[in-house]
Amino acid sequence: MHSILIVQPNSTQSMTDALKPLVDLLGFKDTAHEYFTAPSGPKSINDEDDAADSVKHCLPELEKVLDKHDGFLVACYSKHPLVPILKDQKAIKSGRKAVTGIFEASVSTSLQIIHPDEKFGIVSTGKVWEKILSEAVVDFLGTGSDAGKRFAGVETTGLNATDLHDAPPEEVRKRMKDAVKRLLKKGKVGAICLGCAGMAGMDKMVREACVEELGEDDGNRVRIVDGVVAGVAWLEGAVRSGF
């Protein structure tokens, strides 16, 4: 049986637990999915400094289990430094083990599912992520100023990752839907990425916003991409095919 380790690099266990039902629904019963939560460090990764800080809390423990798994998913929606760091580990390279992050997986998936004349966009948490994620997409695509041909941009809720579960539900719903509607005004958006692992399971409110903004038919055509689902699905194929 193959094994995939889902690495949640902040130290909030409840955020890790919220990922499990999404992964279970994929039904990859011949693959073991195990979970890792940072033993210490940031409770919520709210900027690039938090992401960098989380590495030193995660890496020493992760290095102990690299031989035990066939694939690794970094479940933080950012250009997280753990992705290239893990790819550079000797056990990963020599074992041809697959590594990706939920950011990379969602962008790649979006590009494959949208129509050539459509764009994808990202809905994320705090405003700081608008610049960070926009630059990360441009860097990932390697297209410079031409990224705008396929990328609509980033809209944010003003909530951090833990707020998504701790704030009043109606406030979360309103902010999520408002961000989605702003994004949809940026062009012909065919896919929306949930730009935070803490948004796991929030696709229904994103769909509601799409329908309210675009109408029933067009609103239901927009693809909603959860990076955890995209990442686990890609790793399943990569591990089995030996990519």
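Everything numeric here is computed off the predicted structure, so don't read it as measured data.

Parameters at a glance
Residues numbered from 1 in each chain as written. Predicted model: local features only at pLDDT ≥ 70, side-chain atom pairs only at ≥ 80, totals over all residues. Heavy atoms only, no water. Pairing = 2+ DSSP bridges. Helix = DSSP H or I, 4+ residues; strand = E, 2+ residues; numbered from the N terminus. Axes fitted to C-alpha atoms, helices over the stretch in contact; angles between N-to-C directions. Contact = heavy atoms within 4.5 Å. Domains from an automatic or database assignment. Buried area = accessible area lost by both parts, 1.4 Å probe. Salt bridge = Lys/Arg side-chain N within 4 Å of Asp/Glu carboxyl O. Buried < 20%, exposed > 50% of the residue type's maximum accessible area, 1.4 Å probe, protein only.

(A) Looking closely at the sheet that holds strand 5 (residues 119-124). In spatial order, the strands read 6-5-7-8; together these four strands make up an open sheet with parallel pairing. The open sheet is flanked by strand 6 (151-156) and strand 8 (223-226), the only strands paired with a single partner. In this sheet, adjacent strand axes meet at a mean angle of 20° when their direction is disregarded. Across five bridges, strand 5 lies against strand 6 in parallel orientation. For Gly121, the partnering residue across the bridge sits in strand 6 and is Gly153. Contacts from helix 6 (residues 102-113) reach strand 5, strand 7 (189-194) and strand 8, with the element oriented near 155° to strand 8.

(B) Inspection of the domain arrangement of the chain at higher detail. Segmenting the chain into domains produces domain 1 (2-101 + 228-241) and domain 2 (104-226). Relative to domain 2, the C-alpha centre of domain 1 lies at a distance of 22 Å. Taking both partners together, domain 1 and domain 2 bury about 1,900 Å²; carbon and sulfur atoms supply 64% of that area. At the junction of domain 1 with domain 2, the criterion picks out one salt bridge.

(C) Quick look at the side chain of Thr16. Counting through the fold element by element, Thr16 comes out in helix 1 (residues 13-17). The buried category is assigned to Thr16, whose relative accessible area is 1%. Every residue in contact with Thr16, bar those within four places of it in the chain, is listed here: Gln8, Tyr35, Phe36 and Thr37.

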